[in-house]
Amino acid sequence: MSEIKLAAKLRDTFGKGSARQSRRDGLTPGVIYGHGTDPKHVGIEAHALMMALKTPNALLSLDIEGAGTELVIPKAVQRHPLRRTIEHVDLLIVQKGEKVTVEVAVVTEGELAPGGNLLETLLTTITVEAEATHIPTEVTVSIAGLEAGASIHAKDLVLPAGTTLAVDGETAVLQVVAPQAEEPAAEAAEGTEA
């Protein structure tokens, strides 16, 4: 995954009023922390940040006005409940070569075996450990030809090179279930009369 470059400004005022003023100025308030450094309060250009965070686990290169450049990943994003705009973001400092633990989407491909079987998704994301500069965007699993009763566990997922599981390998991710047969309405009515 390539770095997404964003501009940021240091904030020297704090609190709700300051955060609201930042948002009116087109900036999203945020905090940068990690690696034993003091937290840095910043304002990041709101639209550019929103576009960058459309990519899960985006690697951001923040050019902080007067304070240099920081390589960060989003740790927590707070959104407005109605407008869905980003209200605040917590960013974790990372370094090239450093391993980080992140959630990655599980994506299926292929078709189940014929017979009306259903795919039950138990986990939509899986926790993995990967190098900060090579975080996968998703893990793809083939469900082609799976029949009722089959299940896929975390250990069955094919992870990109340099990525390891951060959960128990026996954790169920997907399972195939047989369709439930419904009783015909006439038989159900007879059973209630008896």
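Residues numbered from 1 in each chain as written. Predicted model: local features only at pLDDT ≥ 70, side-chain atom pairs only at ≥ 80, totals over all residues. Heavy atoms only, no water.

## Description of the sheet that holds strand β1 (residues 4–10)
Strand order in the closed barrel made by the six strands is β1-β3-β2-β6-β5-β4, with mixed pairing throughout. Neighbour to neighbour, the strand axes of the sheet diverge by 45 degrees on average, direction disregarded. In this structure, strand β2 (residues 27–34) lies alongside strand β3 (residues 37–45), joined through seven bridges in antiparallel fashion. Within β3, the position partnered with Pro29 by the bridge is Gly43. (Pairing = 2+ DSSP bridges. Helix = DSSP H or I, 4+ residues; strand = E, 2+ residues; numbered from the N terminus. Axes fitted to C-alpha atoms, helices over the stretch in contact; angles between N-to-C directions.)

## Things to note about the layout of surface pockets
In this structure, the largest pocket encloses a volume near 220 Å³. Elements with a minimum of two residues in the lining of the largest pocket: β5 (68–79) and β7 (99–109). Here the element with the most residues in the lining of the largest pocket is β5; it accounts for six residues. For the lining of the largest pocket, the per-class residue count stands at seven nonpolar, three polar and three charged. There is about 160 Å³ of room inside the second largest pocket. The wall of the second largest pocket is formed by Arg23, Gly26, Leu27, Thr28, Ala46, His47, Met50, Arg83, Thr85, Ile86 and Glu87. Elements with a minimum of two residues in the lining of the second largest pocket: β2, α2 (46–52) and β6 (86–93). The leading source of residues in the lining of the second largest pocket is α2, at three residues. By residue class, the composition of the lining of the second largest pocket is four nonpolar, four polar and three charged. (1 Å grid on protein atoms, 1.4 Å probe; cavity = no way out; pocket = protein on both sides within 12 Å on 5 of 7 lines; lining within 4 Å. Points joined across faces, edges and corners; volume = space filled by probe spheres on them. Nonpolar A, V, L, I, M, F, W, Y, C, P; charged D, E, K, R; others polar.)

## Focus on the side chain of Arg11
Position of Arg11 relative to the elements: it lies in the loop between β1 and α1 (16–24). Buried charge without a salt bridge: Arg11, with Asp12 as the nearest opposite-charge side chain at an N-O distance of 7.4 Å. What Arg11 contacts, discounting residues up to four positions off in sequence, is Ser18, Ser22, Pro29, Gly30, His41, Val42 and Gly43. (Buried < 20%, exposed > 50% of the residue type's maximum accessible area, 1.4 Å probe, protein only. Lys, Arg positive; Asp, Glu negative; His and termini not counted. Salt bridge = Lys/Arg side-chain N within 4 Å of Asp/Glu carboxyl O. Contact = heavy atoms within 4.5 Å.)

## Notes on α1
Where α1 is concerned, the buried positions are Ser18, Ala19 and Ser22. All buried residues of α1 fall inside an arc of 100 degrees around its axis, so they share one side. Facing away from the buried side of α1 by over 90 degrees, the exposed positions are Lys16 and Arg24. A positive phi of about 85 degrees marks Gly26, the residue just after α1. (Arc of directions from axis to C-beta.)

## Looking at the sheet that holds strand β10 (residues 138–142)
One open sheet accounts for four strands, arranged β10-β7-β9-β12; its pairing is mixed. Pairing within the sheet leaves two strands with one partner each, and these edge strands are β10 and β12 (164–165). As paired elements, β7 and β10 share five bridges and run parallel to each other. Bridging across to β10, Glu109 finds its partner in Ser142.

## Re the nonpolar core
Grouped together as the largest cluster of nonpolar side chains are 23 residues, with contacts concentrated most on Ile73, Val94, Val100, Val102, Ile126, Leu157 and Val173. If sequence neighbours within four positions are ignored, Ile73 has contacts with Ala58, Leu59, Asp90, Leu91, Leu92, Val94, Val100, Val102 and Ile135. One finds Ala8, Leu53, Ile64 and Ile93 within the second-largest nonpolar core, a separate group that totals 17 residues. (Core = buried A, V, L, I, M, F, W, Y, C linked by side-chain atoms within 4.5 Å.)

## Thoughts on unusual backbone geometry
A negative phi angle characterises most non-glycine residues, just as the trans form characterises most peptide bonds. With a phi angle near 55 degrees, His35 is a residue other than glycine that sits in the positive phi range. Among the secondary structure elements, His35 is positioned in the loop between β2 and β3. The phi angle at Arg84 is positive, at roughly 65 degrees, despite the residue not being glycine. Its relative accessible area of 48% is what places Arg84 among the partly exposed residues.

Interpretation note: all reported values are geometric properties and have no functional meaning in isolation.
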